[in-house]
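Geometric and topological summary
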Amino acid sequence: MAKYNNHILVCGGTGCRASQSEEIVENLKQAVSDNSLENEIQVVRTGCFGFCEKGPIVKMIPDNTFYVQVTPEDAGEIISEHIVKGRKVERLLFTDPENNEHIADSKHMGFYKKQIRIALRNCGFINPENIDEYIARDGYAALGKVLSEMTPEEAIKEIKDSGLRGRGGGGFPTGLKWEITHNVEGDEKYVVCNADEGDPGAFMDRSILEGDPHSVLEAMAICGYCIGGSNGLIYIRAEYPLAIERLKIAIEQARELGVIGKDIFGTGFDFDVELRYGAGAFVCGEETSLIHSMEGLRGEPTVKPPFPSVSGYKGKPTNVNNVETFANIPVIINNGAKWFSSIGTEKSKGTKVFALAGKINNVGLIEVPMGITLREVIFDIGGGIKDGKKFKAVQTGGPSGGCLTEKHLDIPIDYDNLIASGSMMGSGGMIVMDEDDCMVSVAKFYLDFTVEESCGKCAPCRIGNKRLYEMLDKITKGNATEDDLGILRNLANVIKDTSLCGLGQTSPNPVLSTMDNFADEYLAHVKDAKCPAGQCKDLMEYVINPETCVGCTLCSRVCPVDAISGDKKQPHEIDTTVCIKCGACMEKCKFNAISIQ
Amino acid sequence: MDIVKLNIDNKPVVVEKGTTILEAAKSVGVNVPTLCHMKLHDVGYENNPGGCRICVVEVEGRRNLAPACKTECTEGMDINTHSLRVINARRTVMELILSDHPAECLTCVKNGKCDLQTMAQDLGIREIPFEGEQSHYKEDKSPSIIRDMDKCIMCRRCEMVCNEVQTVGCLSAINRGFESVVAPAFEMDLEKSTCTYCGQCVAVCPTGALSEVDNTRKVIASLVDPSKTVIVQTAPAVRAALGEEFDMEPGTLVTGKMTSALKKLGFDKVFDTDFAADLTIMEEGTELLGRLQKHLAGDKDVKLPILTSCCPGWVNFFESNFPDMLDVPSTAKSPQQMFGAVAKTYLADQMGIKREDMIVVSVMPCVAKKYESGRPEFAVDGNPDVDFSITTRELAQMIKGANINFDDLTDEEFDNPMGESTGAAVIFANTGGVIEAAVRTAYEVQTKKKLEKVDFEELRGFEGIRSATVDFDGLPIKIGIAHGLGNARKLLEDVQAGKSEFHAIEIMACPGGCIGGAGQPYHHGDTTILKKRAEAIYREDEGKEIRKSHENPFIVKLYEEFLGEPCGELSHKLLHTHYFDKKKKVEINND
Amino acid sequence: MAEIKLAESKVQELKEVCKKFNYDKGELINVLHAAQGIFGYLPAEVQEVVADQLNVNIAHVYGVVTFYSFFTMTPKGKHPISICMGTACYVRGAEKVLDEFKRLLDVKVGETTPDGKFSVSSLRCVGACGLAPVVTVGEKVYGRVAPEDVKDILAEYK
């Protein structure tokens with residue numbers, strides 16, 4: 001890396017690639033060569049910077065200028081202005097929404113100020129397709145340290161002392177899990193990385209694998225040494241082609257360099273990693289389902305115990321951790337348990353990566369210390385609610401989690417507090433909702449997901465979630481009674497109490513938490529057949545106020561079903577029998593003449 | 001032995017480590033209800049997916065309820081099997097299951113015998129608070145088995161039996177979530193799948209989702225048709241189980257009552273499949289000795305071991321799984337078909353009636369027999385040798401339907417000539433019985449000596465695969481026995497690999513042999529019932545005056561008057577068959 | 001189910017894949033991925049070949065294929081349209097976008113138009129939540145899609 005004076009980092013995460021970041025890389029390279037700067041400037045395609053809202057991101061090193069929403073056409077200007085003339089391209093800088101001032105250095109942006117990056121330490125800094133860049137940032141040093149200076153017991157103790165808990169959602173102490181697997185007798189043991197991120201609206205693991213694949217490989221090797229296993233398997237979603245590609249490159253480079261493979265660092269320790277592909281089943285995030293899937297079976301869970309630590313892949317002791325959990329390991333080994341446990345709350349140490357999305361200004365991937373409040377995350381980092389609307393709820397934990405409200409905003413985020421508040425950490429999805437979101441519909445959305453993803457093995461999940469969904473649907477259509485709410489709650493509790501695996505045991509959470517926190521909204525649907533948020537199509541009608549309509553015809557032109565008629569400069573009318581309630585007319589009307597009744 | 005102490009419903013319990021809560025509760029008389037769980041002790045298989053969640057119990061200190069069937073007891077556990085929380089959960093889960101189940105109990109084949117119905121009754125379900133979509137699948141009617149998957153509760157017993165016990169593997173769970181159901185590949189009809197019609201799926205289904213094809217209406221229609229002479233044959237296993245349908249103790253022999261009931265039902269002649277079983281021994285035994293003698297004479301091409309061929313499920317199994325070995329099994333038809341073939345020739349002649357005017361009904365412990373009787377090669381000009389095959393359960397239903405008080409019937413004898421049989425024929429019902437019967441005859445034919453002791457204990461038992469060597473007066477004859485198709489597969493793979501040392505192998509598709517057939521009264525997972533039936537069969541054998549097939553006077557007469565000699569020309573025509581390659585092949589286009 | 005004849009060269013390719021995986025039953029899902037890559041979908045006949053090669057029951061293969069949403073037994077359209085229904089896209093109106101695609105093409109989710117041109121599917125999170133709601137047509141990603149944009153997107157492929 002050192003031979004170049006300047007580096008231009010271009011985000012190669014999925015979001016930015018969808019906005020043509022590949023073309024930006026090409027154009028930048030072209031501009032570099034047009035200016036004969038090949039020997040001074042290196043254009044690096046990195047992993048995700050996290051600030052997806054403002055992507056594609058281009059960052060200039062060494063001066064840390066952070067360009068946002070760059071287009072391929074901007075490449076020439078970046079080179080000619082920033083590099084050649086030494087002038088920042090002002091129009092591509094981030095604008096502080098508070099004071100409309102340009103901020104050049106990401107360190108000073110609200111989005112980044114409160115973040116601490118451990119798992120994401122290399123994302124957006126290194127070229128994930130080059131092992132040397134990983135090594136330059138202490139890569140594989142932890143593996144070297146463990147193999148040469150520590151016994152497996154010592155390394156396990158370090159992880160235990162760090163207080164690291166599983167980042168996939170469950171929050172089981174990682175060191176303890178390793179110790180259990182270590183203590184089980186077995187000639188062959190497996191290290192499995194769960195990269196089957198299935199939570200809708202979460203992309204933490206993908207970003208780590210795309211931006212820093214070696215951190216996971218290194219951690220898996222450390223885990224293998226600790227538990228006494230030489231086989232690593234990464235179970236990754238087939239829907240993540242870029243992550244798969246980068247993992248393949250990383251495995252190949254690591255093998256070439258001898259940091260995985262036979263006799264690593266001459267210590268006699270062997271460890272190798274293979275990829276296994278998921279095929280689109282959320283339930284495979286559950287350990288036993290995941291293992292069955294890797295064995296070529298339907299991804300149905302089995303009752304635990306036996307835990308995978310005792311009998312897992314092919315019946316052998318198997319340690320399963322998720323991507324983010326692994327990504328923390330090398331840092332803990334390098335910096336020590338004490339350092340790691342100094343971050344966070346009493347029972348939840350370190351940081352957590354969240355995929356912040358929904359009705360929020362700064363959508364993106366963030367890593368924050370445990371103990372930060374939801375308020376800080378949503379308003380300081382997330383930049384508040386989009387379009388100046390009112391905050392209503394934040395959903396954490398995906399389909400297993402719940403909706404938290406205003407009253408939860410100042411609770412420090414950690415595993416136990418979230419559970420106590422009726423939600424859970426989950427894998428890290430964090431979806432913000434505003435006043436326009438109907439909470440019954442949100443619960444229904446999650447149940448729709450669960451119904452589709454239930455494996456069908458146990459009755460409460462297979463049939464119960466379907467019935468939950470149908471009852472919610474009945475509520476959103478205004479056909480339910482107050483008695484139904486009681487039946488709904490009992491059913492939700494029984495599903496939690498009796499389901500076979502974690503999916504069913506948590507699937508009613510979105511229902512229960514919205515029932516608890518938005519009881520009035522449920523009652524409004526049931527008693528008055530009204531949807532206060534104006535989302536439930538069956539409970540509303542779009543009407544044009546003839547007083548305010550000026551007859552501009554915009555609404556009738558935008559209507560996809562020609563439900564709006566009226567002469568030019570005359571008040572228009574909506575034919576409610578034709579209207580599909582898509583809301584396009586209301587969005588387009590400049591005179592606020594259309595409303596929901 | 002490690003032990004664990006715990007409390008169940010405030011009762012102290014001491015169990016062996018590894019015991020489930022379900023078993024521990026049972027040991028102190030607490031019956032935790034289960035729906036999907038089924039332990040086939042004597043067969044050595046357990047269906048235990050932990051899927052129905054009916055058996056949940058409350059464990060002190062545990063966050064959620066624990067499935068009793070899958071949770072091992074641990075030291076100091078405090079368990080409540082019927083707290084309000086448990087009862088509420090159990091009822092709610094049952095209501096859920098019923099909310100996706102057709103409410104047509106009154107017309108359901110399982111009415112009164114349905115585990116789901118019983119449990120709903122026990123839990124006191126009176127209404128279902130959930131309305132919503134119900135699963136609908138097309139009804140699949142094969143020659144033997146009907147699948148009505150609307151009634152499936154996903155207990156997965158059929159899938160387990162089909163895959164693990166029988167290794168037929170024609171059923172699998174498909175789709176997922178609410179859409180999931182157990183089905184053959186591509187939801188094809190069973191008839192197009194690799195199903196062997198062994199019917200063990202029917203035997204274990206807790207609801208009416210899987211049932212046999214009901215032929216009772218057709219039988220009754222024949223009985224009332226004055227132009228038809230209707231005769232019936234009853235398989236050996238039926239007499240040891242039919243009583244159970246009338247609340248008799250398992251293992252009660254009801255041969256005489258059964259005969260009496262059949263006569264009351266209006267059958268013109270009541271015969272015994274046992275007669276044909278003796279005939280089978282004559283044919284199959286002769287074939288065995290023929291191959292054996294060739295083998296001893298140094299013929300390298302002769303196919304040994306010889307495999308029995310009386311079981312239609314097993315025949316279907318090797319036709320689709322071992323099509324390269326179609327020349328290994330005996331060519332002898334099954335007793336049911338031998339009976340039909342002789343009845344519609346020899347007997348029809350004797351009775352002076354035309355083939356077309358004779359209806360042959362068989363009462364079988366088996367559902368595959370329905371398919372077998374419909375095989376085209378077992379018909380003459382479209383007229384089948386056996387017209388209708390009904391199961392033990394169907395016969396019981398006919399008796400009940402005819403207002404016959406089974407308990408009060410006085411024993412009656414079978415009609416002749418095809419009602420006379422030996423003890424050798426009776427034991428066809430049990431695993432190992434066919435080969436024991438064959439040995440009794442083959443020994444005397446081969447050695448020309450009289451067999452002093454006819455009981456071959458070494459061939460009996462319940463183990464899935466057994467082997468024994470029988471001394472044929474200095475010639476050791478190695479015999480293998482398998483019951484359950486999974487066990488059969490293991491022996492077959494040895495034969496296929498040329499590693500088999502046996503001279504003869506008996507195979508029965510159903511665990512326990514025919515006494516465990518899929519047409520028998522439901523055992524509801526209690527395999528001790530099968531053992532009691534088996535014991536009854538051996539008792540029947542012991543009580544018989546003649547216990548060797550070749551000594552059956554009517555069989556001797558049949559050969560003298562009609563067939564000539566075993567494996568002779570007419571025997572070959574009437575009593576032997578051939579097999580077909582039924583393995584599915586994919587068509588490929590040469591680009 | 002209409003029976004189809006598979007091309008020999010593709011069957012050969014699939015057999016090579018099975019060989020590469022050592023005919024290991026445990027690799028069934030990897031083999032199915034490869035098979036879908038070769039044939040574009042997994043018709044019954046392809047599953048039969050896989051079952052035969054790996055020596056597993058066809059019912060089991062079908063059970064696995066129908067469990068995982070990534071596997072499909074119907075050929076996708078020439079332009080496969082996927083609407084992200086991840087939570088981020090959902091709260092930003094993805095359902096309305098999906099409804100509009102379904103309405104304009106007159107197909108349900110998972111179906112292909114009779115002319116074979118478009119197929120519509122929903123997927124869970126493409127990881128481009130900043131662009132929500134997101135629609136992909138083939139490789140191309142459309143961000144911040146509104147229902148009224150749907151007509152124009154389709155027009156690009158007509």
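Residues numbered from 1 in each chain as written. Chains lettered and ligands numbered in written order. Predicted model: local features only at pLDDT ≥ 70, side-chain atom pairs only at ≥ 80, totals over all residues. Heavy atoms only, no water.

To keep things clear, this is the line we draw: UniProt positions are given in the numbering used here, feature names are shortened, and annotations may be inferred rather than shown by experiment.
Going by what an unreviewed UniProt entry lists, chain C is known as NAD(P)H-dependent oxidoreductase subunit E and is assigned to Plebeiibacterium marinum. What the UniProt record of chain C gives under Sequence similarities (unreviewed entry) is the line "Belongs to the complex I 24 kDa subunit family."

As named in an unreviewed UniProt entry, chain B is NADH-dependent [FeFe] hydrogenase, group A6, taken from Plebeiibacterium marinum.

**Comments concerning the overall build of chain B**
Defined as follows: A helix here means a DSSP run of H or I that spans at least four residues, while a strand means a run of E at least two residues long, and both kinds are numbered starting from the N terminus. Each radius of gyration reported is based on C-alpha atoms, and the globular scaling rule is 2.2 Å times the count of residues to the power 0.38. Three exposure classes are used, based on accessible area relative to the maximum for each residue type with a 1.4 Å probe and protein chains only: buried under 20%, partly exposed in between, and exposed over 50%. Only heavy atoms enter the contact rule, under which two residues are in contact if any of them lie within 4.5 Å. We get accessible surface area from the Shrake-Rupley algorithm with a probe of 1.4 Å; when it comes to residues, only the shown protein chains can shield them.
Each helix and strand counted, chain B has 18 helices and 23 strands in total. Here the C-alpha atoms of chain B give a radius of gyration of 25 Å, agreeing with the 25 Å that 2.2 N^0.38 yields for 591 residues. Along the three orthogonal principal directions, the C-alpha set of chain B runs to about 80 × 70 × 55 Å. By the burial criterion, 63% of the 591 residues in chain B qualify as buried. Taking the contacts inside chain B whose residues are at least 6 apart along the sequence as the reference set, 74% of them involve residues at least 24 apart. Here chain B has roughly 22900 Å² of accessible surface; of this, 48% comes from carbon and sulfur atoms.

**Quick notes on the interface of chain A and chain C**
Counted only if it meets this: Two parts lose some accessible area (1.4 Å probe) when they are put together, and adding that loss for both gives the buried area. Put simply, a salt bridge is a Lys or Arg side-chain nitrogen that is within 4 Å of an Asp or Glu carboxyl oxygen. Whenever two N or O atoms come within 3.5 Å, that pair is a polar contact, provided that in protein one can donate a hydrogen and the other can accept it, and provided that, for residues adjacent in sequence, both atoms are side-chain atoms.
With 60 residues of chain A in contact, the opposing surface of chain C contributes 38 residues. When the two sides are added together, the surface that chain A and chain C hide from each other amounts to roughly 3800 Å², 55% of it contributed by carbon and sulfur. Looking at the side of chain A facing chain C, the largest losses of area belong to Ala-279, Arg-298 and Phe-445 of chain A, adding up to 16% of the total buried there. Two residues, Lys-588 of chain A and Glu-148 of chain C, come together in a salt bridge whose shortest N-O distance is 3.0 Å. Where chain A packs against chain C, one counts 19 residue pairs in polar contact (both at pLDDT 80 or more).

**Comments concerning the interface of chain B and chain C**
Just so we agree on the cut-off: Residues are sorted three ways: Asp, Glu, Lys and Arg are charged, Ala, Val, Leu, Ile, Met, Phe, Trp, Tyr, Cys and Pro are nonpolar, and all the rest, Gly among them, are polar.
The partner chain C presents 25 residues to the 22 residues of chain B that form the contact. With both chains or domains summed, chain B and chain C bury close to 1900 Å², and 59% of this area falls on carbon and sulfur atoms. Along the contact surface separating chain B from chain C lie zero salt bridges. Remark: the boundary between chain B and chain C carries three residue pairs in polar contact (both at pLDDT 80 or more). Of all the secondary structure elements, the ones that give two or more residues to the side of chain B that touches chain C are strand E10 (172–174) and strand E23 (588–589) of chain B. Per element, the largest residue contribution to the side of chain B that touches chain C is three residues, and it comes from E10 of chain B. Here the residues of the side of chain B that touches chain C are counted per class, giving ten nonpolar, six polar and six charged.

**A short note on the UniProt feature "domain: 4Fe-4S His(Cys)3-ligated-type" (unreviewed entry) in chain B**
Mapped onto this numbering, the UniProt entry annotates "domain: 4Fe-4S His(Cys)3-ligated-type" (unreviewed entry) at residues 85–124 of chain B. A helix fraction of 57% and a strand fraction of 0% characterise residues 85–124 of chain B, whose end C-alpha atoms lie 16 Å from each other.

**Here we look at a nonpolar patch on the surface**
The condition is simple: Patch construction takes residues with relative accessible area above 30% that form no salt bridge. Like charges are linked within 9 Å, and nonpolar side chains (Val, Leu, Ile, Met, Phe, Trp, Tyr) are linked within 5 Å.
Taken together, Phe-172, Leu-176 and Ile-180 of chain A make up a surface patch of nonpolar side chains, about 230 Å² in accessible area. Structurally, the position occupied by Phe-172 of chain A is in the loop between helix H7 (152–162) and helix H8 (174–183).

**Quick look at the sheet that holds strand E6 (residues 66–67) of chain B**
Residues and elements named next belong to chain B. Going by this rule: Strands pair, by our definition, only if DSSP identifies at least two bridges between them. Lines fitted to C-alpha atoms define the axes, with helix axes restricted to the stretch in contact, and inter-axis angles between N-to-C directions lie between 0 and 180 degrees.
Spatially, the five strands line up as an open sheet ordered E2-E1-E7-E5-E6, and their pairing is mixed. In this open sheet, the two edge strands, each paired with only one partner strand, are strand E2 (11–16) and E6. Alignment of strand E1 (residues 3–8) against strand E7 (residues 78–80), held across two bridges, turns out to be parallel. For Ile-8, the partnering residue across the bridge sits in E7 and is Ile-79. Of the strands in this sheet, strand E5 (56–59) and E7 are in contact with helix H2 (residues 84–99), which crosses E5 at around 155°.

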